[in-house]
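# Observations on chain architecture
Spelled out, the chains give:
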Amino acid sequence: MDERLPWHARRWRQLQESLAAGRLPHALLLTGPSGLGKLVFARRLARALLCERPDAEGDACGRCRSCRLFQAGSHPDYSALRPAEDGKVIRVDQVRELRDFLGLTAQYGGYKIAVLEPADRLNVNAANSLLKTLEEPPGGSLLLLVTAQPARLPVTVRSRCQGVRFEPPPPTDAIPWLASRVAAGPEPRTLLDVAGGAPLAALAYVDGERWNRRRQLVERYEQVLIGRLDPVRAAEDWLQGDLAENLRWLIGWHIDLIRLKMSSEPPCLSNPDLRPVLRRWAEWRPPRALFGRLDAAIRLHVLCATTQVNAQLLLEAFLGDGVESDESRVSRTRFTEG
Ligand SMILES: [Zn+2]
């Protein structure tokens, strides 16, 4: 992918100005929702700072020795730190190795750069160890911490980094970018809405797999709601794939359900393609119950984002609470109609 994403332009220029003025700090904290390319930006910056002949915009040339090493993943002055396994923590011994790496003299005489992603996965000891590096950064070192959930980092760590905040771009910027990459399938506008305005998340739907997965979860969820699918079986299904994303969808549906409850023709939905289904679900519940379900879905998302919880049990409880018997649904429909 071209790493010069159009919605990064302003942030890029600001950092280049800091660099030109000799004010680039030792640590940056890149924050903002998933799917905006924060890691792409961090790597772009690292590659550019290591490049021997950056171009007029400050980007890497792509041809020098440093750029070739970077592309091969073997630049000796660059280190990328992430959890050893997906969903696990970044451990203290990993941070110690990082400190040793940053403490060495740069082999190519320029910066030594490390990217930590997702930085919110630092455990307590690892964060404390990192703090020492942030308090006394080795000369010529640059730390790039990337996270969608900065609140989970200790304040002591956050306060020693300069924040670089990313926001979803206006649709007028994101839709043309997306449209030039989407040949078939759902409309770019729909993809972008479902992805909460995050263009890379929207692009990830284009291969169809995640998009189909979402449709499948919609069908399964309806079966649970009408009592045709056992919540235990359904919970197993929800655990497949990216649980955090599955739960974000669930939250998005409930926000739309409330919008539909408040107005028969809400001007915007986060899931415009699901309007008929969501309209049906909205009729099955009074507004108060929908707010309760939204709260429960958000709690579920927060709990599952922390380690050490039994997500299966939490999901079973959530899905089990959603089941409504045919009789109560019919009587409630009558009640609301009457
Ligand atoms: Zn280069």
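The sections below set out a description of the structure shown in this document.

The rules we used
- Residues numbered from 1 in each chain as written.
- Predicted model: local features only at pLDDT ≥ 70, side-chain atom pairs only at ≥ 80, totals over all residues.
- Helix = DSSP H or I, 4+ residues; strand = E, 2+ residues; numbered from the N terminus.
- Buried ≥ 20, exposed ≤ 12 C-beta atoms within 10 Å, placed from the backbone.
- Contact = placed C-beta atoms within 7 Å.
- Pairing = 2+ DSSP bridges.
- Axes fitted to C-alpha atoms, helices over the stretch in contact; angles between N-to-C directions.
- Expected span 1.5 Å × (residues − 1).
- Core = buried A, V, L, I, M, F, W, Y, C linked by C-beta atoms within 7 Å.
- Parallel < 35°, antiparallel > 145°, perpendicular 65-115°, else oblique.
- Left-handed = near helix turned anticlockwise from the far one by under 90°.
- Nonpolar A, V, L, I, M, F, W, Y, C, P; charged D, E, K, R; others polar.

### So, the overall build of the protein
Helix and strand counts for the protein come out as 16 helices and five strands. With the principal axes as the frame, the protein shows a C-alpha extent of 75 × 45 × 30 Å. Expressed as a percentage of the 338 residues in the protein, the buried residues total 33%. Partitioning the contacts of the protein with sequence separation of at least 6, the portion at a separation of at least 24 is 69%.

### Thoughts on the sheet that holds strand β2 (residues 78–81)
Read across the sheet, five strands follow the order β2-β3-β4-β1-β5 without closing on themselves; strand pairing throughout is parallel. Every other strand in the sheet has two partners, leaving β2 and β5 (162–165) as the edge strands with one partner each. Taken pair by pair, the neighbouring strands of this sheet meet at an average axis angle of 20°, ignoring direction. The sheet contact formed by β2 and strand β3 (residues 112–116) spans four bridges and is parallel. From the neighbouring strand, L81 faces β3, where its bridge partner is L116. Sheet strands in contact with helix α2 (residues 38–50) are β1 (27–31), β2, β3 and β4 (141–147), and its direction is about 170° off that of β4. Of the strands in this sheet, β2, β3 and β4 touch helix α4 (residues 92–103), which is tilted by about 160° from β3.

### As for the environment of A235
By the element assignment, A235 lies in helix α11 (residues 231–239). Take A235: there are 20 C-beta atoms within 10 Å of it, and that puts it in the buried class. Sequence separation between A235 and V224 is 11 residues, and the spatial gap between their C-alpha atoms is 10.0 Å. Each residue touching A235, except ones within four places of it in the same chain, is listed here: Q312, L315, E316 and L319.

### Observations regarding α2
Between the first and last C-alpha of α2 there are 19 Å, a value that for 13 residues agrees with the 18 Å anticipated at 1.5 Å per step. If you check which residues of α2 are buried, you get K38, F41, A42, R43, R44, L45, A46, R47, A48, L49 and L50. Structurally, α2 contributes buried residues whose contacts are with α1 (9–20), β1, α3 (65–71), β2, β3 and β4.

### Some remarks on the nonpolar core
Judged by nonpolar contacts, the single largest core of 52 residues is most densely connected at L30, A46, L116, L144, L145 and A202. In contact with L116, other than residues within four places in its own chain, are L81, I90, L143, L145 and V146. Counting 21 residues, the second-largest nonpolar core is a separate cluster that includes L250, W253, L290 and L319.

### A few points about unusual backbone geometry
The linkage connecting E117 with the following residue, P118, adopts the cis geometry, with an omega of -10°. Tracing the sequence through the fold places P118 in the loop between β3 and α5 (124–135).

### A few points about the pairing of β4
By the criterion of burial, β4 is predominantly enclosed, with seven of the seven residues buried. Neither face of β4 is exposed, since S141, L143, L145 and T147 on one face and L142, L144 and V146 on the opposite face are all buried. For β1 and β4, the ladder comprises five bridges, and the chain directions are parallel. Residue pairing in the sheet places A27 in a bridge with L143 of β4. The pairing of β3 with β4 spans five bridges and is classified as parallel. Pairing of K112 across the sheet is with S141, part of β4.

### Here we look at the packing of α4 against α5
How two helices sit against one another is set out by the angle between their axes and by the gap between those axes. Running from amino to carboxyl end, α4 crosses α5 at an angle of 15°, the nearest separation of the two axes being 8 Å. Regarding the angle of α4 to α5, the classification is roughly parallel. Of the two elements, α4 crosses α5, and the hand of that crossing is right-handed. In this structure, α4 uses V92, Q94, V95, R96, R99 and L102 to contact α5, whose residues at the interface are N125, A126, S129, L130 and T133. The residue makeup of the contact of α4 with α5, split by class, is five nonpolar, four polar and two charged.

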